[in-house]
Structure formats: structure tokens, C-alpha cells
Amino acid sequence: MTSDANIISFKKRDEMITRETVNYISGLAKLHINEVQAQKFAGDLEAILHYVEKLNSLDVSQVKPTSHVLDMENVFRDDTVKPSLSQEQALAFSVEKLNGAYKVPKVIE
Amino acid sequence: MTTFETVIGLEVHLQLKTKTKIFCGCLNEFGSAPNTNVCPVCLGLPGTLPVLNRRVLEYGMKVGLALNCSINSFVKFDRKNYFYPDLPKGYQISQFDFPIAKLGFLDILVDGKEKRIGITRAHLEEDAGKLIHDTVNACTLVDYNRTGTPLIEIVSEPDLRSSQEAYDYLTGLKLILSYLNVSDCDMEKGSLRCDANVSIRPLGQIKLGTKAELKNLNSFSAVKRAIDFEVARQTTVILSGGSIVQETLLWDEAKGRTVSMRSKEQAHDYRYFPEPDLVPFIIKSDVIENMRQSLPELPQAKLSRFVSAYKLSTYDAGILIQDQSLADFFETCAKSYPDTKKIANWINGPILKEMNERKLGLTQLHLSPLNLVKLITRVEDGTISNIAAKDLLSDIVLTAKDADVLIAEKGIAQVSDDAALEKIVDELLAQNQKTVQEILSGKTTALGFLVGQAMKKTQGKANPKKLNDIFTRRLHHA
Ligand SMILES: [Zn+2]
């Protein structure tokens, strides 16, 4: 699965952010936007990425890559059980429930 | 006509049997009432933060090391984004570019020769919830108990060339994983799941063909059947001038075919990015070394040792090592009884038969190694016959009674008391003068008749070999 994935990186982009890109991403994110908004966001995102690309002009060969903004590591918890919510509490967030489960529209044929 | 080569890569998901989930303290348990092992963290409620279960990272290292992987000294988690009702957060916490383990291998036997199957990587992630499709109410029900169950995904290289190789890889992998005691490895309960990437290419071509991803493979034999079906389907498509579309296919076990999975077929664009809620993990080399040292003896090593140390055949040792409890049982017996071949025969024969017939594991049978040794010894010293011993085994596994106690209770000890047997022999010799004459005149087969009569008189409790000896002695020295 991982081979299909692409990770956000600051490599030199070959393409501009277009309305199509915005529509594609908003589709993945389940965001409903209209064409006017798509046009606007395309411009905004292009400007943001353009700004971030300025980083490419810096020499970072001596800088350790940052994977997290906090300079911390190895934060664990022990494998000990803590109380869970009751079924009633858990389902209190549901719009609809049935037989102790969250009820959602049918997802597969 | 073009000959095609099959290319298979497997992705195995293994649920790790920690007490609690990967990022929260909810019980990691199969079969609880729906939505009872859930909390704000695994339900993905706003404002909650995941914290990694220490044991998950340890188990991940174990799996990686057992599969000859190198363990990354720098490990981090990433978000894999997609929308589906089984995923309350809208993303799965997984690992992208710095997984726990990478570049390992597993050897399988192909036509009697070892073939090395590469393991690309093994990464840790959280399981999703369970969807129950309610046909009556035409809806889907969601149970989030499974959400956050720790998983390790083991990805093989596309090194497998047939459904049989895939099957053997899975069997070998499962055996190693079961030795590590980090998972139930139970496909029926879903603690071990497998997806197969299948493609074909003209023999000799380097470039890989377009692959299909097969899902819903519920047993190793289903994996085999699904691959065979898919290879045949792809071959037909290509030979009739078509081309393979990259897609996810569901295996329909009842119909014996793969079906296209339309609904989830949104682009595989998961927009991975570093998980901001978890800091990275640094694993020091001495920690890795300690873990390596603490690994149990793995199946291949045990096999070699059983063959060399106990002088077992590869076949016998091969059966014993399929189940760690069998192997341990064997070794305990071998400590107090020298004939290892005989122990192996008992375990691989009658004991396995008892286990299969009763559908029980060895530990569930009430059989201690010492009691088996006692049973074997009683056959050897002539107290009971081999057949009687096998019957006795059935009683032992049910009652846990001592072999000697059962022999006494059932009165099945062979009459080996010489005086008693000699009395019977003398009586029979006196009563069957004609037969005696026949034997003495060279018709030795008639001795069998006398032995048979003696067995009858002792209700089968006499040791036939002993009777034979006494008859022979009496006949010639009377
Ligand atoms: Zn939880």
C-alpha cells in the first residue's frame, strides 16, 4: 500500500496548484467547495507553497531533519489497563445507534 | 504462445496480544460486548492524545528480529488519511518512512531447495473498528472495540512465484510468529490477516505487470485459491488482448472468484504526514541486542537441534516443531527416557491423534510427560501390550490418572508371573497331547494354537512372547 502513497515534501514542484488540484484534495478531505472558492484557494495555496519554497534556497546540509517540533523522544505508557467508557457513554456521541453499535448508512453492497 | 510468470507479494497484518491497546489503556480483547472497550483516545474525540504502549514497540522489535530484519534506530509514526466509518479519527496512525523494521527475509522450501523471500518492512499501526453489515435494517453497524488494537504489518518483496510458494511463506511466517508469543495468529478471529498483490508478466520480462490487490482472504487455503483464480483471470484478459487494471478485489469464497470492490475504490492517496501527536522513538543498539538475545529458539534452529541432538529424522522433528508445546513435551520426556525415536513416535502418532480427534491442544490434554514415559516403560517391560497402551492413553488424556493406577484399576496388566503362566502351559500340554505330538514331529505352526488357547485362558492378559518361550522350554525339556 505504501508504494502508492506520496508524502508531502518540499521538493521542487513541476506543477502549479490549479483548480483541479484543489477539487481533488477537497474531494479526498470530503470538503464541499464551489468553483469560486476553488479558484481562490488555488491562488492562496500556490502563494503559500511558493513562500515555503524559499526554504529550498537555504543550505540545510548541516541541519538535522526535524520530525517533531518538540525536542523529545521515547514517550511511552506501560501496558496497564485503564477504565473504558461504558457502552452508554460511548454511544452518547452517536447520531443513531442500534444493538450497542453506532448505526451508519450502508457502506458496502 | 507466451508463457507467463506469476509475481506475488504478501501483506500480513498481525494483531499483537498486549493487554491494552496501542495508544490508550482500553482492554485489547476479542469478543467483548460492542463499544465497551473504548475511550476518548481510541474514539478520536477532540483534545485527546495518544501515548505509545511500550510493549507494542517491544513486540514489533521481536517480530522484526525474528524475520532477520534490521531494526531502525529512529522510529516515528505517521498519519494515513482516509474516510471510512471504521476509522473514527479520519486517519490511521501508522508508520511511513521510518518503520520499526526493514529488509529481512524468510526461507521457504521450493522443490526441496531453500528459497529466500525478502521482507521489505514491518511497521506498527492501529487497527480500525469493525463494521457489521445489517442486511435486515439496510445499514452498517460500527463497533469500535477493535479500534486501536496494535497491529504489525509485514510486507514481503514480490518474490513469490506461485500460490504454493505464497502458502508456504504464510505457513512458515505463522510458525515463527507463533513461537514469539506476541499474537494468537488466529485467522478465524482475525488476529492474522493477509492481502495478496498479484500480477503476471511474460517469462523473462523484468518489468512487473499491473497488480491486483486481493482482500478478504480468510484462510491460507483461500489465499491459494484466490491467487490461482486471479492468475487465470489475468492470463485470460491479457491473452484476449486486454490489459489489467490496478484495483482491489475481494475474494468470494462461496463463489470461488474475485469480485471488484467498487465502493472503497477512491484513489490510494493517503496523504501521509508525520503524526504530530507522537514524538519519535530512538532505539539504542544495546536495546536491540538485548532483544535479539531474548528471542526464543526459532523453528528452523529447533529443527536442526532436534535432528542433531536427538537423532530424529527431519520428518519427525518437523512435526514436533510445528507446535511449541509438542516440542517442549518431547524434550521433557527425553530427559527421563533414552529412546527419543520412540517418544517422537508416540507424540506424532497416538498423541496427535488424540489432539485432532478431541480438537484440543496438548496442554489441554491431561497428559504429563512423566506419565507418557511411564506408559512407554510399561509396554517395554511387558506389563501391557502396545495396543492396550494406546487405549490407556485415551483414558489418561481424559482423567489425568497415573498410568500404573489405571493399569491396576482396569486389571489389564499382562500376566507375566512365571508360576501362573507355567501352570496354564502345563495344563494345556496335558490336555492337548495330539498337538504336542504334531509340534514335536516338526509341525511348529501348531504352537500358535496352544499360545492362542493360553491367551484365551488369561483373557488376553498374558504376554504372548513369554507364553511362546515357556511352551518351547516345556516342550523340549519336559
Ligand atoms: Zn481507548
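Located above this text is the structure these notes cover.
Conventions used here
- In this convention, every chain numbers its residues from 1, walking through the sequence in written order.
- Starting at A for chains and at 1 for ligands, labels are handed out in the order in which the entities are written.
- Whole-chain, interface and lining totals are the exception, using all residues; otherwise, since this is a predicted model, local features are given only for residues with pLDDT of at least 70 and side-chain atom pairs are given and counted only at 80 or more.
- In computing side-chain properties, one takes all heavy atoms of the structure into account and sets aside hydrogens as well as water.
- Contacts are assigned to residue pairs with any non-hydrogen atoms lying within 4.5 Å of each other.
- The term buried area denotes the loss of accessible surface (1.4 Å probe radius) that occurs when two parts are joined, taken as the sum for both partners.
- Each reported salt bridge corresponds to a side-chain nitrogen of Lys or Arg within 4 Å of a carboxyl oxygen of Asp or Glu.
- Excluding any residue in a salt bridge, patches collect residues exceeding 30% relative accessible area, merging like charges within 9 Å and nonpolar Val, Leu, Ile, Met, Phe, Trp and Tyr side chains within 5 Å.
- Computed by Shrake-Rupley with a 1.4 Å probe, the accessible areas treat only the displayed protein chains as cover when residues are assessed.
- Each helix corresponds to a stretch of at least 4 residues labelled H or I by DSSP, and each strand to a stretch of at least 2 residues labelled E; elements are numbered beginning at the N terminus.
- Pairing between two strands is assigned when DSSP locates at least 2 bridges connecting them.
- Comment: axis = line fitted to C-alpha atoms, over the contacting stretch for helices; angle = value between 0 and 180 degrees taken between N-to-C directions.
- Between buried and exposed lies partly exposed: a residue is buried under 20% and exposed over 50% of the maximum accessible area for its type, with that area taken using a 1.4 Å probe on protein chains only.
- Arc definition: it is the arc formed by the directions from the helix axis to the C-beta atoms.
- Multiplying 1.5 Å by the residue count of a helix minus one yields the expected span of that helix.
- At every residue, the bend is computed as the angle between two fitted axes, covering the seven residues ending there and the seven beginning there respectively.

Enquirer: What exactly am I supposed to notice about the interface of chain B and chain A here?
Expert: When the parts of a complex come together, some accessible area is lost, and that lost area is often used as the size of the interface. At the interface, 66 residues of chain B touch 44 residues of chain A. In total, about 4900 Å² of surface goes out of reach between chain B and chain A, with carbon and sulfur atoms giving 60% of it. When the buried surface of chain B facing chain A is broken down by residue, Arg54, Arg271 and Val279 of chain B rank first, second and third, together holding 11% of it. Here chain B and chain A share two salt bridges between them.

Enquirer: Help me out: how do you make sense of a nonpolar patch on the surface in this one?
Expert: A surface patch of nonpolar side chains, amounting to about 380 Å² of accessible area, comprises Leu55, Leu58, Val60 and Val63 of chain A. Along the chain, the position of Leu58 of chain A falls in the loop between helix H2 (35–52) and strand E1 (76–77).

Enquirer: Would you explain the sheet that holds strand E1 (residues 4–15) of chain B in this entry?
Expert: In any sheet, the strands associate via hydrogen bonds between backbone groups, in a parallel or an antiparallel arrangement. All names here are of chain B. Reading across the sheet, the nine strands line up as E3-E7-E8-E11-E1-E12-E13-E14-E15 and stay open at both edges, with mixed pairing between neighbours. With partners counted over all chains shown, the strands left at the sheet margins are strand E3 (70–71) and strand E15 (257–260), one partner each. Across two bridges, E3 lies against strand E7 (residues 101–110) in antiparallel orientation. From the neighbouring strand, Ile71 faces E7, where its bridge partner is Ala101. The strands touched by helix H2 (residues 163–180) within the sheet are E1, E7, strand E8 (113–126), strand E11 (150–156) and strand E12 (192–202), with E7 carrying the most contacts at an inclination of about 115 degrees.

Enquirer: I keep staring at helix H1 (residues 19–28) of chain A and nothing clicks. Help me out?
Expert: Three or four residues apart is the spacing at which side chains of an α-helix point the same way, because the helix has 3.6 residues per turn. Residue and element names in this part refer to chain A. All of the buried residues along H1 are Val22, Ser26 and Leu28. Down the axis, H1 shows its buried residues gathered within 155 degrees of arc, on one side only. Contacts made by the buried residues of H1 are with H2. The positive-phi residue at the C-terminal boundary of H1 is Lys30, with phi of around 55 degrees.

Enquirer: I tried to follow helix H8 (residues 340–358) of chain B on my own but got confused; where do I start?
Expert: All names here are of chain B. Taking 1.5 Å per residue as the helical rise, H8 with its 19 residues ought to reach 27 Å, and the 25 Å between its terminal C-alpha atoms agrees with that figure. At Ile351, H8 shows its strongest bend, of approximately 35 degrees. Buried within H8 are the following residues: Thr340, Ile343, Ala344, Trp346, Ile347, Asn348, Pro350, Ile351, Leu352, Glu354 and Met355. On the buried face of H8, the contacting elements are helix H5 (299–310), helix H6 (314–320), helix H7 (324–336), helix H9 (369–380) and helix H10 (386–399). Positive phi shows up at Lys359, right after H8, with a value of about 50 degrees.

Enquirer: Would you explain unusual backbone geometry in this entry?
Expert: Among all residues save glycine, negative phi is the norm, and among peptide bonds the norm is trans. Residue and element names in this part refer to chain A. Of note in this structure, Lys30 is not a glycine but carries a positive phi near 55 degrees. When you line up the elements, Lys30 lands in the loop between H1 and H2. Located in the positive-phi region is Asn99, a residue other than glycine, with phi close to 50 degrees. Looking at the element boundaries, Asn99 is found in the loop between strand E2 (97–98) and strand E3 (101–105). Owing to a relative accessible area of 61%, Asn99 belongs among the exposed residues under this scheme.

Enquirer: Explain the pairing of E7 of chain B to me, please; I cannot follow it from the model alone.
Expert: Regular strands have side chains that alternate between both faces of the sheet. Residues and elements named next belong to chain B. Where E7 and E8 come together, nine bridges link them in antiparallel fashion. In the sheet register, Lys102 faces E8, and the bridge partner there is Arg121. Count of turn residues in the E7/E8 antiparallel hairpin: two residues, of which Asp111 carries a positive phi of about 50 degrees.

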